[in-house]
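Below, each chain spelled out in residue letters.
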Amino acid sequence: MTRTDLTENPVLRVAPASPAEAAAHFRASLAFHADVSDVASALGGDGDPGFLVLDSRSTESWDQGHVPGAIHLPTALIPEQAAQLLDRSVPVVTYCWGPGCNGATRAALALAELGYQVKEMLGGFEYWVREGFAYETREGREQRAADPLTAPKSAEDCGC
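Caption draft 1: Summary view of the nonpolar core. Within the largest apolar cluster, 16 residues are counted, with the highest numbers of intra-cluster contacts made by Val39, Val53, Val67, Tyr95, Met121 and Trp128. Every element with two or more residues in this core is listed here: helix 3 (36-44), strand 4 (92-95) and helix 7 (124-130). Look past the residues within four positions of Val39 in its chain and what remains in contact with it is Ala34, Phe51, Val53, Val93, Met121 and Trp128. By size, the runner-up hydrophobic cluster in this structure holds 13 residues, among which are Ile71, Leu86, Ala107 and Ala108.

Below, the structure written as structure tokens:
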């Protein structure tokens, strides 16, 4: 490829970061994010997973479905209610609807500003359901088949 070809290529118009810069970026990303499968695996294990899951959506959304064992605390109520519901020594994993919603990000910011250790669950409730994990509704426990575009068809682990 010539230099001219690279400047016309929208992917390489801005050169990739150096390997060291990339490693620092992705290491930092993992400090801020957890994926649905890892959260489900930790919650499904024996004993205390070492973190709490917080659903930052509205009560109507919570009733429609939520991660089993999650704490419900809408983002707007975090400043006044977090101290009564959460232990500052226990990391919190926030989630909202899905990747098209930044509610979990806003909740994570609010918690971090209050001194909590926090990560955001990538994919939110949408991907929790799409990956076939059980969830709770006002009517009880439900589970859908995993979407083959988000979870492996024949294995417990995607190999990521």
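Caption draft 2: Seen up close, the packing of aromatic side chains. Scanning all chains against the criterion turns up 3 aromatic pairs. Taking 6.1 Å as the distance between ring centres and 70° as the angle between the ring planes, the aromatic pair formed by Trp97 and Phe125 counts as edge-to-face. A residue pair is termed long-range when its members are at least 10 positions apart, and Trp97 in the loop between strand 4 and helix 6 (103-113) and Phe125 in helix 7 qualify at 28 residues. For Trp97, a relative accessible area of 33% corresponds to the partly exposed category. With 5.5 Å between their ring centres and 90° between their planes, Phe125 and Tyr135 make a pair best called edge-to-face. With Phe125 in helix 7 and Tyr135 in strand 6 (residues 135-137), the pair connects residues that are 10 residues apart, well separated along the chain. For the pair Phe125 and Tyr135, a shared accessibility class is recorded, and that class is buried. Here the aromatic cluster, defined as three or more aromatic residues joined through ring pairs, consists of Trp97, Phe125 and Tyr135.

Parameters and conventions
- Residues numbered from 1 in each chain as written.
- Predicted model: local features only at pLDDT ≥ 70, side-chain atom pairs only at ≥ 80, totals over all residues.
- Heavy atoms only, no water.
- Core = buried A, V, L, I, M, F, W, Y, C linked by side-chain atoms within 4.5 Å.
- Buried < 20%, exposed > 50% of the residue type's maximum accessible area, 1.4 Å probe, protein only.
- Helix = DSSP H or I, 4+ residues; strand = E, 2+ residues; numbered from the N terminus.
- Contact = heavy atoms within 4.5 Å.
- Phe/Tyr/Trp six-rings, centres within 6.5 Å; stacked < 30°, edge-to-face > 60°.

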